[in-house]
Amino acid sequence: MSTKTAASPASPRRTAAAPAFRGRLDWRVLVDWLREDGIVAPAEAQRIGQRLSADSVQHPLVRLAHVGVQHAVTGKALDLEALTEWLAGRAGLEYLRIDPLKVNVARIADVMSISYAERRRALPVQIGTHEITIATCEPFDTDWVAEIESHTRRKIRLVVISPNELQRYTTEFYTLAKSVRAAQKSGEVSGPANFEQLVELGKSKQLDANDAGVVQVVDWLWQYAFDQRASDIHLEPRRETGAIRFRIDGVLHTVYQLPLSVMAAMISRVKLLGRMDVVEKRRPLDGRIKTRNPAGEEVEMRLSTLPTAFGEKLVMRIFDPQSSVKSLEALGFAAHDAQRWEQLVAQPHGVILVTGPTGSGKTTTLYSTLKRLATDEVNVCTIEDPIEMIEPAFNQTQVQPQLDLNFANGLRALMRQDPDIIMVGEVRDLETAEMAIQAALTGHLVFTTLHTNDAASAITRLQDLGVPSYLINATVLGVLAQRLVRTLCPHCKQPDEEFKREMLDEAIRPWRMTGSFRPYKPVGCIECRMTGFRGRTGLYELLTVSEALKALITPAPDLSRLRHQATQDGMRPLRLAGAMKVAEGVTTLEEVLRATPAWDT
């Protein structure tokens, strides 16, 4: 939630008491106030009056925004947000932009009904023990405030909100609250309460997964997650209630608290749509769902359930429909590394490794690269566990251990499918590593992943699995290590005047930054949910296996010498790549230090 004492974007901050005006706003009154405050010139006020001569059911702020109020000083048209912020300053109230993640939707109906809220153009947004914050677009129509204070026995604090936001969230919040109540009312049986009841999970009576209230809640949940740019949705049963959490930019946020009975019905609904066994709740299950986001794009979600002490937990991984077609620049590659990566993937055969911890963006990098390579002239085959994103340009195979189809067996079968490019989800054992190397030796380009801290460690990791050094020298073309860091919100970031250059130099020693340097710091606004960060970008460390490096890949290699030679061949360590992002004002030094390993030579 973002509130602030508002002022016109181009006028002094107003803190005086509100004008002696009461009742619903009229566009004529607003135009007079704009002229008095010097926001519009007299000629502009006259033009507005001619355009708005007829009455309308639209809110006067919306009408003014549509007309295009021209600022007397800047000459720019004021949008609805700027006009609302100006009105808040006129009324001596705070201006608000709603962050839906911070509104307890379940309690708003306890303050006022939806019909009352729509009639009064008011919406409860924060409900405390002694005070209730109510957003309104009619700050001078306050006759109802005493009535609500009497009803709730709490003090009312008014804030000003855009009419369009008020209309949108009034409908959305009350519809959600109604759906939850309807779902709960249709069945009073709560979900399992303790570990001992897990054995009875398959027999527990649940709400109907096709109940209208449950369907509405699930549909809202998905659209809300898409709107908030969530990468994962967690439905987590707790002792008393169920929690809904979204992972946004790598951080989990609690969105909503639900009765256990409703959450159990929601999980059953999602499992039904994902063609999973709805009755089986005693063992983990996997599934997939395809739906569409508000923009009409097809979105795929991977489902995973897990029995816990208080019931069945469900996680939905959302795959961005644009992630498989991102350019190297959009992924975060610097020009230096992008050029070297393009040269590497253009090789006709060999093994290319992508390393990093879980959630570091390896899959997105691989899919984006393979998407560009998958032309009509080549056959791209993958073996994955699980298939992360369905891509029509690839021939994708799912690992199925119960059918004895593991990575090694799947790769062995792919070799008979006349492939040009092969992607193996992960090298976990010697058998899979040997099959990947065999594929490279027989003329195929193989992409795969490993879990190592940096690029050079991937060489020693292969040796730990049992791969001989001469086979590594013969097949491995390069290793790309990567991490994800949060990027500063472009709407609120500010230059960091207190940034200490020596801290950065110490972090990236023995290197030093040269050239222009523009560090920024996070601030927080409604666009980034007051975190100061919006989105993520990649940091990359690309090791290419040169002739000089091959000479160092021996049965007992020196890791520090491998790293030193890789840097001489053009590799930039992860922490140095992060320092360049700090210098460009993309992220912060704290983010880089948190995500990257220290450079050890």
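Because the structure is predicted, anything quoted here is derived from the model rather than measured. (Residues numbered from 1 in each chain as written. Predicted model: local features only at pLDDT ≥ 70, side-chain atom pairs only at ≥ 80, totals over all residues. Heavy atoms only, no water.)

**Some words on the overall build of the protein chain**
Summing up its helical and strand segments, the protein chain has 22 helices and 22 strands in all. Burial status across the protein chain gives 53% buried among its 601 residues. The long-range share in the protein chain, meaning contacts at least 24 apart out of those at least 6 apart in sequence, stands at 66%. Carbon and sulfur atoms provide 48% of the accessible area of the protein chain, an area that totals close to 27500 Å². Both charge centroids of the protein chain, one from 73 positive and one from 73 negative side chains, sit 4 Å from each other. (Helix = DSSP H or I, 4+ residues; strand = E, 2+ residues; numbered from the N terminus. Buried < 20%, exposed > 50% of the residue type's maximum accessible area, 1.4 Å probe, protein only. Contact = heavy atoms within 4.5 Å. Areas by Shrake-Rupley, 256 points an atom, 1.4 Å probe, with all protein chains shown as cover. Lys, Arg positive; Asp, Glu negative; His and termini not counted. Charge placed at Lys NZ, Arg CZ, Asp CG, Glu CD.)

**Description of the UniProt feature "domain: Bacterial type II secretion system protein E" (unreviewed entry) in the protein chain**
Per the UniProt record, the feature "domain: Bacterial type II secretion system protein E" (unreviewed entry) sits at residues 415-429. Spanning residues 415-429, this segment combines 0% helix with 27% strand, and its end C-alpha atoms are found 18 Å apart. (UniProt positions renumbered as here; feature names shortened; annotations may be inferred.)

**A look at the environment of P284**
In this structure, P284 sits in the loop between α10 (260-273) and β11 (285-292). With residues near it in sequence (within four places) discarded, P284 still touches T305, L306 and P307.

**A few points about the sheet that holds strand β10 (residues 251-259)**
Pairing is antiparallel across the open sheet formed by six strands, whose spatial order is β10-β9-β8-β13-β12-β11. With one partner strand each, in any of the chains shown, β10 and β11 form the two edges of the open sheet. Mean inter-strand twist for the sheet, computed between neighbouring axes without regard to direction, equals 20 degrees. Two elements, β11 and strand β12 (residues 298-308), share eight bridges in a ladder whose sense is antiparallel. By the bridge assignment for β12, D286 is matched with S304. Helix α9 (residues 212-227) contacts β8 (232-237), β9 (241-248), β10, β11, β12 and β13 (311-319) of the sheet and is inclined by roughly 75 degrees relative to β11. (Pairing = 2+ DSSP bridges. Axes fitted to C-alpha atoms, helices over the stretch in contact; angles between N-to-C directions.)

**Quick word on the nonpolar core**
Counting residues in each nonpolar core, the largest one holds 65 residues, and the members touching the most others are M112, I134, I244, F246 and M316. Counting residues per element, this core draws most heavily on α9, which supplies nine residues. For this core, the domains that each give at least three residues are domain 2 (100-185) and domain 3 (195-319). In this view, M112 contacts A117, A122, P124, I134, W144, I148 and Y174; residues no more than four positions away in its chain are not counted. (Core = buried A, V, L, I, M, F, W, Y, C linked by side-chain atoms within 4.5 Å. Domains from an automatic or database assignment.)

**Comments concerning helix α4 (residues 80-91)**
For α4, spanning twelve residues, the distance from its first C-alpha to its last is 16 Å, which sits close to the expected 16 Å at 1.5 Å a residue. Of all twelve residues in α4, eleven are buried, a share of seventy percent or more. Considered for burial, the residues of α4 that qualify are L80, A82, L83, T84, E85, W86, L87, A88, G89, R90 and A91. (Expected span 1.5 Å × (residues − 1).)

**Points about the packing of aromatic side chains**
All chains considered together, the criterion is met by ten aromatic pairs. A centroid spacing of 5.8 Å and a plane angle of 50 degrees characterise the contact between Y367 and F394, whose relative ring orientation is tilted. Placement of the pair is Y367 in helix α13 (residues 362-373) and F394 in the loop between β15 (380-384) and β16 (395-398), with a sequence separation of 27 residues. We note that Y367, like F394, is buried. (Phe/Tyr/Trp six-rings, centres within 6.5 Å; stacked < 30°, edge-to-face > 60°.)

**A closer look at the environment of T241**
If you trace the backbone, T241 turns up in strand β9. Look at T241 and you get partly exposed, because its relative accessible area is 30%. Distance in space between the C-alpha atoms of T241 and S261 is 8.8 Å, their sequence separation being 20 residues. Beyond its immediate chain neighbours, meaning those up to four positions away, T241 contacts E236, Q257, L258 and L260. In terms of polar contacts, T241 uses its side chain to reach the side chain of Q257, at 3.0 Å. (Polar contact = N/O pair within 3.5 Å; in protein donor to acceptor, adjacent residues only side chain to side chain.)

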